[in-house]
Amino acid sequence: MSRRLPVWPYYFLAALGAIVAAVLLTLYVRADLPERAELERVSGSIATFVLIDDLSGEPTMMRLPTSSAHFTLKGVDGEFKYPARFPGYTDVYDRLAFDVEVWVRRDSLGEPEPMLVYQLVQHLPENFPSEPISVSYEQIVGARVRQIDSYRRAAAVLFAGAVLLAGIGLLIGRWNRRARRAPPPAGNDRG
């Protein structure tokens, strides 16, 4: 008699892959990126600077992939947020000081939530030993589009793998049913 193969691992992995792919698509299906015309320029001197862990919402002393640089500007209401996933984050973390210009969504001004920065230009005192930080709107939006596309590609691969695993599970199920119905091989007399 043929040996029956287990089917449940294929269905389990197919379901798991489909769930993860659905979560990725749900989180990253729409790129909520503003047009340049939707942005407002705000400028001022750095008043406060702190790293916040985005998962816990608590200040942190470590630069993590899940952290964001939060800062305020003198004379400007609100807090600004520059996430680790944005280009130039290391420079912002290491050297953000003095005067800056930031571009944020016009509709986020005055909101209690930190305003996401979509462009940042630093102005340094004359003869300062380092270059000013400058991260353009195009750099930030381009990086975000590439990140979102990579999540979408990962979701597509996971969905394709889930369909493949479910198909293998169906084929093995048919094999098992056929093997169960098959008569015993001839010439197997034990009695």
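Residues numbered from 1 in each chain as written. Predicted model: local features only at pLDDT ≥ 70, side-chain atom pairs only at ≥ 80, totals over all residues. Heavy atoms only, no water.

Some remarks on the pattern of salt bridges
This is how the line gets drawn: By definition, a salt bridge exists where a carboxyl oxygen of Asp or Glu is found within 4 Å of a side-chain nitrogen of Lys or Arg. Labels follow the DSSP assignment, with helices taken as runs of H or I lasting at least four residues and strands as runs of E lasting at least two, numbered in each case from the N terminus. The buried label goes to any residue with under 20% of its type's maximum accessible area, the exposed label to any with over 50%, and the partly exposed label to all in between, with areas taken from a 1.4 Å probe on protein chains only.
If you walk through the whole model with that rule in mind, you get 8 salt bridges. Where Arg41 meets Glu101, a salt bridge forms, and the shortest distance between an N and an O atom there is 3.5 Å. On the criterion of sequence distance, the pair formed by Arg41 in strand E1 (residues 39-53) and Glu101 in strand E4 (residues 99-105) is long-range, its members being 60 residues apart. Since its relative accessible area comes to 18%, Glu101 is described here as buried. For the salt bridge of Asp91 with Arg95, the shortest nitrogen-to-oxygen distance reads 3.7 Å. Of this pair, Asp91 and Arg95 both sit in helix H2 (residues 89-95), separated by 4 residues, roughly a single helical turn. A relative accessible area of 34% places Asp91 in the partly exposed class. Residue class for Arg95 comes out partly exposed when judged on its relative accessible area of 28%.

Notes on a nonpolar patch on the surface
Our working definition: Exposure above 30% relative accessible area and no salt bridge define the residues that can form patches, which grow by joining like charges within 9 Å and nonpolar side chains of Val, Leu, Ile, Met, Phe, Trp and Tyr within 5 Å. Accessible areas in this description were obtained via Shrake-Rupley with a 1.4 Å probe; residue shielding takes into account the shown protein chains only.
Together, Trp8, Phe12, Leu13, Leu16 and Val20 give the surface a local cluster of nonpolar side chains, amounting to about 520 Å² of exposed area. With respect to the secondary-structure elements, Leu16 resides in helix H1 (residues 8-28).

Some remarks on the nonpolar core
Let me state the cut-off plainly: Take the buried Ala, Val, Leu, Ile, Met, Phe, Trp, Tyr and Cys residues and link them wherever side-chain atoms come within 4.5 Å; each set so joined is a nonpolar core. When checking whether two residues touch, look at their non-hydrogen atoms; a contact exists if any pair is within 4.5 Å.
Phe71, Phe80, Tyr82, Val102 and Leu120 are the most contacted members of the largest nonpolar core, which totals 27 residues. Those elements that provide at least two residues to this core are E1, strand E2 (67-73), strand E3 (80-83), H2, E4, strand E6 (119-123) and helix H3 (137-181). Apart from the residues within four sequence positions on either side, Leu120 is in contact with Phe71, Tyr82, Val92, Leu96, Glu101, Val102, Trp103, Ile133, Ser134 and Val135.

Quick notes on H1
Quick reminder of the rule: A helix's residues, less one, multiplied by 1.5 Å, set its expected span.
With 21 residues, H1 should reach 30 Å at 1.5 Å per residue; the first-to-last C-alpha distance of 30 Å fits that figure. On the buried face of H1, the contacting elements are H3.

Side note on the packing of H1 against H3
Condition: Every axis in this analysis is a line fitted to C-alpha atoms, fitted for helices over the stretch in contact. Angles between the N-to-C directions lie between 0 and 180 degrees. Every angle not falling under 35 degrees, over 145, or within 65 to 115 is termed oblique; those three ranges are roughly parallel, roughly antiparallel and roughly perpendicular. Throughout, a crossing is termed right-handed when the near helix is turned clockwise from the far one, and left-handed when it is turned anticlockwise from it by less than a right angle. In this count, Pro and Cys sit with the nonpolar residues alongside Ala, Val, Leu, Ile, Met, Phe, Trp and Tyr, while Asp, Glu, Lys and Arg are called charged and the others, Gly among them, polar.
Running from N to C, H1 and H3 cross one another at 160°; their axes reach a closest spacing of 8 Å. Taken together, the axes of H1 and H3 lie roughly antiparallel to each other. Pair H1 / H3 crosses with left-handed handedness. Classifying every residue of the contact of H1 with H3 gives 23 nonpolar, 2 polar and 1 charged.

Points about the sheet that holds E4
Put simply, the rule reads: In short, DSSP must find at least two bridges between two strands for them to pair.
Strand order in the open sheet formed by 7 strands is E5-E3-E2-E1-E4-E6-E7, and the pairing between neighbours is mixed. Across the chains shown, the open sheet's two edge strands, defined by having one partner strand only, are strand E5 (115-116) and strand E7 (134-135). The pairing of E6 with E7 spans 2 bridges and is classified as antiparallel. Looking at E7, one finds that Val121 is bridged to Ser134.

Brief notes about the side chain of Ser68
Looking at the secondary structure, you find Ser68 in strand E2. In contact with Ser68, other than residues within four places in its own chain, are Val50, Leu51, Ile52, Asp54, Lys81, Tyr82, Pro83, Ala84 and Tyr89.

Points about the side chain of Thr72
Where we set the bar: Definition of a polar contact: a pair of N or O atoms within 3.5 Å, with one able to donate and the other able to accept a hydrogen when the atoms are protein atoms, and with sequence-neighbouring residues admitted only if both atoms are side-chain atoms.
Within the secondary structure, Thr72 is located in strand E2. Here Thr72 falls in the buried class, since its relative accessible area comes to 18%. Among the polar contacts made by the side chain of Thr72, one reaches the side chain of Thr48 at a distance of 2.5 Å. Other than its neighbours up to four places away in sequence, Thr72 contacts Ser45, Ile46, Ala47, Thr48, Gly78, Glu79 and Phe80.

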